[in-house]
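Summary of the model geometry
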Amino acid sequence: MEDTCQAPARRSGDSPMKKLNGSRRQATVARYDDALPLFTQLVLNHLGEEALAKNCFLRDAEGNLTFVHRDELPSSKLSRLSHDAKLTLGPYLSGQPVCTPFELLDDELVNLSNDKLEFVSGEGFEIFVRLVERRIVGQDWVRGISPPIKGAPPIVVFASHKGGVGRSTALAVAAAEFASRGHSILAIDADLEAPGLGEMFILENEQPEFGVLDYFVENGRGTVDKNFLKQMLAPSALTRGRGNVLVVPAVGRRCRRYPQNVIGKISRAYLDDMSSDGRHSLTLLDQMRRMIKDLCARQKFDAIFVDARAGLNETTAATVQGLGAEILLFGVDTPQTWDGYRYFLAHLARFKPEDKSEDWRFRLKMIHAKATSDRNSEARFRDNAFELFAERFYDEIDESDAQRDDGSLAFGFDLDDRTAPHYAWPIKMNKKYYEFDPVDHPQQLDREQYFDVFGEFIESLAERLRLK
């Protein structure tokens, strides 16, 4: 397979740090965050920067590192590298510090296209290295950004770092508004551990038999068919207009009949399935994509809205990275919001696209939830979002020229650029939506009431999806 990763490139003109002396190596206690920079430093010292061009680091499920060399390298230097790694990395070194893919009996390590480029910095060096991650859980987080699902309409993921920011409410209101304009919307509740979208839209006696949770449990056993998919969907009786909203709740009637089984189902929903040929594992991300593809094969939709789990849960990777979707990042102006998104954006920055014609980063958008009418508050949110994106996500841009060496434009924006991911769409604070329950309070889905609160958000989303 053709190598799709660029060779590691130094980002500063400094030379690699000098070798650590023996006393410092023994005095240093390596932690998880130190291990890869320390190992990188040793490779630079013993083998030089050229050794990082096609060789990689393997980090196993426990966090232990191995330097995997695909090239023929001097055995004496490899031996010294292994010796120093044992002294330096301590508990974060594998039992085989330096070896070949053949010695690990792992043919996948021969293929450079499986590598991810990881930015590593230390004393005197900044460099990208090749890294292969192996995880028992969280494997979807390291797979990169998936392309849009073939045959599916535009997908919008409503995401947030913290709960309680009105994410699900905004989804419900936007779905109702687009239905009133004549569009068909599929709303999916992917928050398996805190379900609620079904209750927002569907009357108790109209809940479908199955939900998303049942799909993940049953699909690996070959029992999901057209009839099962049909029993996952329920129309919302609360929407008005020529269109409709079909809802796939996280849990259906069956979970309500057997509530004692829900936690057991959740623990099994995250397990990998096997492909039909028995040769590949299907992670939660794969299963989520297949579920949406199967649902879209039954019926045509104009857009799909997905309610994601708050935080950095396993399902978050499946929805945010796995669907080729527009990603709306809800937040309020608090330190918790910015700290949470700092981790998130630093992770996503690992997957900057090589093909700038299909730059998934344009699909991110901040949402200023519970915004007040105070212009200063709006400006503070924008300033904080800009600072975060500029620090962790935007490309470094020469102020005199925003063009890269290869002729493509760098991914960077001015503070007041309304098209930028950091420039938030506001949703106003309104006490009428503190407790959102349109089943008991259907007036909450009256356009006259919600448009003052959600109007700018809805129109911005309509423009992005080209749904008028």
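Here the residue numbering is sequential within each chain, running from 1 through the sequence in written order. Owing to the predicted nature of the model, reporting of local features is limited to residues with pLDDT of at least 70; listing and counting of side-chain atom pairs is limited to 80 or more, with chain, interface and lining totals taken over all residues. Each side-chain value is worked out from all heavy atoms of the structure, with water and hydrogens disregarded.

Considerations on the overall build of the protein chain
- For the protein chain, the helix and strand inventory stands at 14 helices and 15 strands.
- Burial status follows relative accessibility: with a 1.4 Å probe on protein chains alone, a residue under 20% of its type maximum counts as buried, one over 50% as exposed, and anything between as partly exposed. Looking at the protein chain as a whole, 52% of its 468 residues qualify as buried.
- Here the contacts in the protein chain between residues at least 6 apart in sequence split such that 75% fall between residues at least 24 apart.
- Here the accessible surface of atoms and residues is derived via Shrake-Rupley with a 1.4 Å probe, and residues count as covered only by protein chains that are part of the display. Carbon and sulfur atoms make up 48% of the accessible area of the protein chain, which totals about 22,600 Å². Helix numbers and strand numbers start at the N terminus; a helix is a DSSP run of H or I with at least 4 residues, a strand a run of E with at least 2. Note on contacts: a residue pair qualifies if any of its non-hydrogen atoms lie within 4.5 Å across the two residues.

Topic: the pattern of salt bridges
- Note on definitions: salt bridges are taken to be side-chain nitrogens of Lys or Arg within 4 Å of carboxyl oxygens of Asp or Glu. Using the criterion set out here, one finds 33 salt bridges in the structure.
- The salt bridge partner of Arg392 is Glu391, with a shortest N-O separation of 3.4 Å.
- Among the residues examined, Glu391 registers a relative accessible area of 44% and is labelled partly exposed.
- Among the charged side chains, a network of salt bridges with common partners joins Arg167, Asp191, Glu193, Asp307 and Arg309.

Some words on the packing of helix H12 (residues 335-348) against helix H13 (residues 375-392)
- One way to put it is that H12 packs onto H13 with a least axis distance of 9 Å and a crossing angle of 30°. Relative to H13, the element H12 lies roughly parallel. Here the hand of the crossing between H12 and H13 comes out right-handed. For the pair formed by H12 and H13, the contact residues are Trp338, Tyr341, Arg342, Leu345 and Ala346 on the first element and Phe381, Asn384, Ala385, Leu388, Phe389, Glu391 and Arg392 on the second.
- For this classification, Asp, Glu, Lys and Arg are treated as charged, while Ala, Val, Leu, Ile, Met, Phe, Trp, Tyr, Cys and Pro are nonpolar and the rest, including Gly, are polar. Residues belonging to the contact of H12 with H13 are distributed by class as follows: 8 nonpolar, 1 polar and 3 charged. Where helices are involved, their axes are fitted lines through C-alpha atoms of the stretch in contact, as for all axes, and angles between N-to-C directions lie from 0 to 180°. Comment on the angle field: the value is read as roughly parallel under 35 degrees, roughly antiparallel over 145, roughly perpendicular from 65 to 115, and oblique elsewhere. Crossing handedness follows the turn of the near helix against the far one: under a right angle anticlockwise gives a left-handed crossing, and clockwise gives a right-handed one.

A look at the packing of aromatic side chains
- Stacked, edge-to-face and tilted are the three classes for Phe, Tyr and Trp ring pairs, Trp counted by its six-membered ring, which pair at centre distances within 6.5 Å; planes under 30 degrees apart are stacked, over 60 edge-to-face, the rest tilted. Under the criterion given, the structure shown has 27 aromatic pairs.
- Within the aromatic cluster, the residues linked to one another by ring pairs are Trp360, Phe362, Phe386, Phe389, Phe393, Tyr394, Phe411 and Phe413.
- Put simply, a charge is over a ring when the Lys NZ or the Arg CZ is close to the ring centre, within 6 Å, and near the line of the ring normal, within 35 degrees. We note Arg447 situated over the ring of Phe451; from NZ or CZ to the ring centre the distance is 4.0 Å.

Brief notes about the packing of helix H2 (residues 32-47) against helix H3 (residues 75-89)
- Where H2 contacts H3, the two axes come as close as 10 Å, and the packing angle between them is 150°. As judged from the angle between their axes, H2 and H3 are roughly antiparallel. In the packing of H2 onto H3, the handedness of the crossing is right-handed. From H2, Ala35, Leu38, Phe39, Leu42, Val43, His46 and Leu47 reach across to H3, where they touch Lys77, Leu78, Arg80, Leu81, Asp84, Ala85, Thr88 and Leu89.
- Of the residues contributing to the contact of H2 with H3, the split by class is 10 nonpolar, 2 polar and 3 charged.

As for the sheet that holds strand E5 (residues 125-133)
- Read across the open sheet, the 5 strands follow the order E3-E2-E1-E5-E4; overall the sheet is mixed. Edge positions in the open sheet fall to strand E3 (93-99) and strand E4 (116-122), since each of these has one partner strand only. Taking the axes of each pair of neighbouring strands and ignoring which way they run, one obtains an average angle of 30° across the sheet.
- We call two strands paired when DSSP finds no fewer than two bridges between them. Pairing of strand E1 (residues 56-59) with strand E2 (residues 65-68) involves 4 bridges; the strand directions are antiparallel. Within E2, the position partnered with Phe57 by the bridge is Phe67.

Section: unusual backbone geometry
- One non-glycine residue, Leu105, adopts positive backbone phi at about 55°.
- Mapped onto the secondary structure, Leu105 falls in the loop between E3 and E4.
- Despite not being glycine, Arg466 has its phi angle at roughly 60°, a positive value.
- Checked against the element boundaries, Arg466 lands in the segment after helix H14 (447-465).

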